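Listed below, chain by chain, are the residues.
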Amino acid sequence: MTVASAEAQPLLQVRGLRMHFPVTEGMIARRHIGDVKAVDGVDLAIQRGETLGLVGESGCGKTTMGRCILRLEKPTAGEILYNGIDIARLDRRELVALRRRIQVIFQDPYSSLNPRQKVGSIIGEPMMVHGVEKDPRRRADRVRELLSVCGLNPNFADRYPHEMSGGQRQRVGIARALALNPEFIVCDEAVSALDVSIQAQIINLLEDLRDKFNLTYLFIAHDLSVVRHLCQRVAVMYLGRVVELAECDELFDNPLHPYTKALLAAVPVPDPAVEAERAFQPVRGEVPSPINPPPGCVFHPRCPLAIEQCRRVRPELRELRPGHWVACDVVS
Amino acid sequence: MPPLLEVKELHTEFRTGAGVVRAVDGISYTVDPGETVAIVGESGSGKSVGALSIMRLIPDPPGRITGGEVWFAGRDLMTLSEEEMRRMRGSEIGMVFQEPMTSLNPVLTIGRQITETLEQHRGMDRAAADQRAVELLGLVGIADAKRRLEQYPHQLSGGMRQRIMIAIALACDPKLIIADEPTTALDVTIQAQILELMQKLTRQLGVALIIITHNLGVVARYAQRVNVMYAGRIVESGAAAALYHNPRHPYTIALLRSVPRLDRPRPPPLAPTGAPGQLSACFRSHELDITAGAA
Ligand SMILES: Nc1ncnc2c1ncn2[C@@H]1O[C@H](COP(=O)(O)OP(=O)(O)O)[C@@H](O)[C@H]1O
Ligand SMILES: Nc1ncnc2c1ncn2[C@@H]1O[C@H](COP(=O)(O)OP(=O)(O)O)[C@@H](O)[C@H]1O
Ligand SMILES: [Mg+2]
Ligand SMILES: [Mg+2]
């Protein structure tokens, strides 16, 4: 089953994606004792120009999804179609071309920027590697332009990462991702390490850039509150699977999956008057190990609605309202 | 009723290569018995240094408490001997930090870490301490206490470890707990479990709580009063409801305006707008580049 609408061909289509990491034991004769089922059967489609949010708690497989799309991992099963072409089957030359079109922005601007490199060469490097803007003068101009597009003074090209604040460093990371004029950017927790006021600015920047350059984003975040502003649609992951997928406002205003409800209820609203009135019971238990996920619905051990069937039958995504998909056989 | 804790004009500095950092620059506030007070502010604003100063846990050098008084239950903690202060920590005042892994001893079982506290501070014998440890685990919502007490910290999840820290903090019936970003490292559903637990227990046992956080949602739900810190100072303080609905300091206004909200559709522009001149004057020289880096 694919969760694609009848619209135009999506820019990115993920079908039946599985990424299992083998777990071994023993130092010499490594015995295979199981698999971490980091991604365990995901279907997704992203339209050109769209921002899809991918949310869920740590370890649910968000980063692994992103890495598969970037071809930093080779999936165990399933396909990833970019513009209709399976990226697993690309030859070297095609892969290089793909790497220009798909870029990534990481969470931690500290560790993803080389501390000994000046900002100018950090941003210019992808251009060197890919042989664009070979002329140093023009490359330097382009770097200055990118800095200014990202809201930084062009003179920052001469600075080192440690001479900048966290927010400024994340702008450098974004400028670097833009250097090759990509179409698609995986933002993996791109604002998670930043203070709220800086988060807001970076999200606004990502939004401006999306409009200016017609970018498509996969916006990965564990923090739901940053997602609502930027994304058109949101997918909620739990233990390697997508449990709910809907238009952004629909998902936040009308969550249907018990896990999504628990996740939303767990985030207190910054308003004491609202919180004083709001009674809630945190969902019990913790996320089980992805090595031995529970049978049936992976959420059933923590689910307040679980019935006998949930222990046996793995729920598929069903379209309960137009465009609103839920992997739960109990809610309707 | 006099306050349980009264911090008066507390100053703490660090001497660094780049000069003296006034991490805490004259903060004053009070905490009443049984009350939950939040300290909120962005990273680097001095929240942790402020809390560590109260406990006199500032590494010297490079740090030094250069002035101020901290009155707790009728005594100025700044005048206590090291020995008296050691007795204070972990018995009268409990502590819970962001990363329990760094405060738990990796080579001692959970049980031993709890009983050690009880033996040291309460003079219990081993049997009594063992029994109290089981009780404490029950209190913090850990089932199968017997098995858990024999485990080591690395065998537990982050949420479990934080429950253990809360058990240790409560072990000697403290009057005050200082929790520094106690749930920041945890997933949201676990965050909610831990915060609800802390709220329930502090109410049930009548313990006062200072909760340090950068999360304004957490403050709104759990605190009665709030102190907003910026650049080593408390720039605004008051009852939570009043402060949220009628913030006065431009920093508080900017902070509240910048929090994304889940319960509302797309809000107006997230970044603080109005009066940039005023804001930049107020935010100069800090990591917080509300205006400096804006596109
Ligand atoms: N290279 C790897 N080898 C083994 N396990 C891995 C590897 N990468 C990720 N995992 C595991 O896969 C699961 C999903 O991880 P990840 O995709 O990083 O989650 P998220 O980004 O949602 O926090 C986790 O249990 C993680 O420990
Ligand atoms: N050991 C230290 N040496 C030098 N400066 C320090 C040290 N610890 C904290 N600081 C400085 O004190 C200020 C306040 O830090 P902190 O209290 O940790 O902030 P917060 O907890 O609000 O994020 C920061 O500018 C920080 O760099
Ligand atoms: Mg991740
Ligand atoms: Mg801190």
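For the structure itself, look to the data block above.
In this report, we go over the structure that sits alongside the text. Because the structure is a prediction, the values reported are computed rather than measured.

With that settled, the discussion passes to the site of ligand 2. Residues and elements named next belong to chain B. All residues adjacent to ligand 2 are Phe14, Thr16, Ala23, Glu42, Ser43, Gly44, Ser45, Gly46, Lys47, Ser48, Val49 and Pro62. Interatomic distance of 3.0 Å between a backbone N/O atom of Gly46 and an oxygen atom of ligand 2. The contact in question runs from an oxygen atom of ligand 2 to an N or O atom on the side chain of Lys47, over 2.9 Å. Contact with the protein chains hides 64% of the accessible area of ligand 2, taken as 560 Å² for the molecule alone. For the shell around ligand 2, the secondary-structure elements that each account for two or more residues are strand E1 (5–16) and helix H1 (47–54). Per element, the largest residue contribution to the shell around ligand 2 is 3 residues, and it comes from H1. Here the shell around ligand 2 is composed, by residue class, of 4 nonpolar, 6 polar and 2 charged.

Attention shifts here to the pattern of salt bridges. Residue and element names in this part refer to chain B. Scanning all chains against the criterion turns up 41 salt bridges over all chains. The salt bridge involving Glu84 is made with Arg75; its shortest N-O contact spans 3.7 Å. Under the relative-accessibility criterion, Glu84 is labelled partly exposed at 28%. Notably, a salt bridge pairs Asp263 with Arg261, separated by 2.8 Å at the nearest N-O pair. The exposure class of Asp263 is partly exposed, given its relative accessible area of 34%.

To continue, consider the sheet that holds strand E7 (residues 176–180) of chain B. All names here are of chain B. Reading across from one edge, E6-E7-E8-E3-E9-E10 is the order of the 6 strands in this open sheet, with mixed pairing throughout. Sheet topology places strand E6 (93–96) and strand E10 (233–239) at the edges, where each strand pairs with a single neighbour. Each adjacent strand pair in this sheet contributes to an overall mean axis angle of 15 degrees, direction not counted. Strand direction decides the pairing type here: strand E9 (residues 225–230) and E10, joined by 6 bridges, are antiparallel. Across the sheet, residue Val226 finds its bridge partner in E10, namely Gly238. Relative to the sheet, helix H11 (residues 250–258) contacts E9 and E10, its axis offset from that of E9 by approximately 100 degrees.

A separate point is the interface of chain B and chain A. Taken together, the contacts link 43 residues of chain B with 48 residues of chain A. Counting each side, the surface lost to burial between chain B and chain A is near 4000 Å², with a carbon and sulfur contribution of 57%. Here Arg221(B) makes a salt bridge to Glu275(A), at a shortest N to O gap of 2.6 Å. At the boundary of chain B with chain A, the tally comes to 12 residue pairs in polar contact (both at pLDDT 80 or more). Within the residue set of the side of chain B that touches chain A, elements represented by two or more residues are helix H7 (158–170), helix H8 (188–205), helix H9 (216–222), helix H10 (240–245) and H11 of chain B.

Residues and elements named next belong to chain A. A grouping of Leu305, Ile307 and Val330 is seen on the molecular surface, where their side chains present a nonpolar patch of about 210 Å² in accessible area. Residue position: Leu305 is located in the loop between helix H11 (272–277) and strand E11 (318–321). On the accessibility criterion, Leu305 (37% relative accessible area) is partly exposed.

With that settled, consider the sheet that holds strand E5 (residues 75–76) of chain B. Residue and element names in this part refer to chain B. Strand order in this open sheet of 4 strands is E2-E1-E4-E5, and the pairing throughout is antiparallel. Each end of this open sheet is capped by a strand with a single partner; those strands are strand E2 (19–31) and E5. With 2 bridges connecting them, strand E4 (residues 63–72) and E5 associate as antiparallel partners. Bridge assignment links Trp71 to a residue of E5, and that residue is Asp76. Strands in contact with H1 are E1, E2 and E4; relative to E1, the strand with the most contacts, it is inclined by about 115 degrees.

Turning our eyes to something else, we now look at helix H5 (residues 136–149) of chain A. Residues and elements named next belong to chain A. With 14 residues, H5 should reach 20 Å at 1.5 Å per residue; the first-to-last C-alpha distance of 20 Å fits that figure. The complete set of buried residues in H5 reads Arg139, Arg142, Val143, Leu146, Leu147 and Val149. Seen along its axis, H5 keeps its buried residues to an arc of 160 degrees; they face one direction. In this structure, H5 carries Arg137 and Arg138 as exposed residues pointing more than 90 degrees from its buried face. Following H5 by one or two positions, Gly151 adopts a phi angle in the positive range, close to 80 degrees.

What follows is about the layout of surface pockets. Taken as a whole, the largest pocket spans an internal volume of roughly 900 Å³. Taken together, 42 residues form the lining of the largest pocket, with His222(A), Asp223(A), Thr184(B), His214(B) and Asn215(B) sitting closest to its centre. Listed by contribution, the elements that provide at least two residues to the lining of the largest pocket are helix H7 (196–213) and helix H8 (224–230) of chain A together with H8, strand E8 (208–213) and H9 of chain B. Classifying every residue of the lining of the largest pocket gives 21 nonpolar, 15 polar and 6 charged. The calculated volume of the second largest pocket comes to roughly 490 Å³. Along the walls of the second largest pocket sit 18 residues, with Gly90(B), Ser103(B), Gln113(B), Thr117(B) and Ile168(B) positioned nearest its centre. Counting residues per element, the ones that place at least two in the lining of the second largest pocket are E6, helix H4 (110–122) and H7 of chain B. A domain-level breakdown of the lining of the second largest pocket finds at least three residues from each of domain 1 (1–92 + 175–194 + 205–243 + 288–295) and domain 2 (101–173) of chain B.

Between the first and last C-alpha of H8(B) there are 25 Å, a value that for 18 residues agrees with the 26 Å anticipated at 1.5 Å per step. Within H8(B), 14 of the 18 residues are buried, which leaves the element mostly enclosed by the surrounding structure.

On to the site of ligand 1. All names here are of chain A. Neighbouring residues of ligand 1: Phe21, Val36, Ala38, Glu57, Ser58, Gly59, Cys60, Gly61, Lys62, Thr63, Thr64 and Pro290. Contact with the protein chains hides 62% of the accessible area of ligand 1, taken as 560 Å² for the molecule alone. Looking at the shell around ligand 1 residue by residue, the classes come out as 5 nonpolar, 5 polar and 2 charged.

In this section: the pairing of E4(B). Residue and element names in this part refer to chain B. With 8 bridges connecting them, E1 and E4 associate as antiparallel partners. Bridge pairing in E4 links Leu5 to Phe72. Between E4 and E5, which pair antiparallel one after the other, the connecting turn spans 2 residues, and Ala73 there sits at a positive phi close to 45 degrees.

Conventions adopted
- Residues numbered from 1 in each chain as written.
- Chains lettered and ligands numbered in written order.
- Predicted model: local features only at pLDDT ≥ 70, side-chain atom pairs only at ≥ 80, totals over all residues.
- Heavy atoms only, no water.
- Near = heavy atom within 4 Å.
- Polar contact = N/O pair within 3.5 Å; in protein donor to acceptor, adjacent residues only side chain to side chain.
- Areas by Shrake-Rupley, 256 points an atom, 1.4 Å probe, with all protein chains shown as cover.
- Helix = DSSP H or I, 4+ residues; strand = E, 2+ residues; numbered from the N terminus.
- Nonpolar A, V, L, I, M, F, W, Y, C, P; charged D, E, K, R; others polar.
- Salt bridge = Lys/Arg side-chain N within 4 Å of Asp/Glu carboxyl O.
- Buried < 20%, exposed > 50% of the residue type's maximum accessible area, 1.4 Å probe, protein only.
- Pairing = 2+ DSSP bridges.
- Axes fitted to C-alpha atoms, helices over the stretch in contact; angles between N-to-C directions.
- Contact = heavy atoms within 4.5 Å.
- Buried area = accessible area lost by both parts, 1.4 Å probe.
- Patch = residues over 30% accessible without salt bridge, like charges linked within 9 Å, V, L, I, M, F, W, Y side chains within 5 Å.
- Expected span 1.5 Å × (residues − 1).
- Arc of directions from axis to C-beta.
- 1 Å grid on protein atoms, 1.4 Å probe; cavity = no way out; pocket = protein on both sides within 12 Å on 5 of 7 lines; lining within 4 Å.
- Points joined across faces, edges and corners; volume = space filled by probe spheres on them.
- Domains from an automatic or database assignment.

What is shown is where atoms sit, not what they do.
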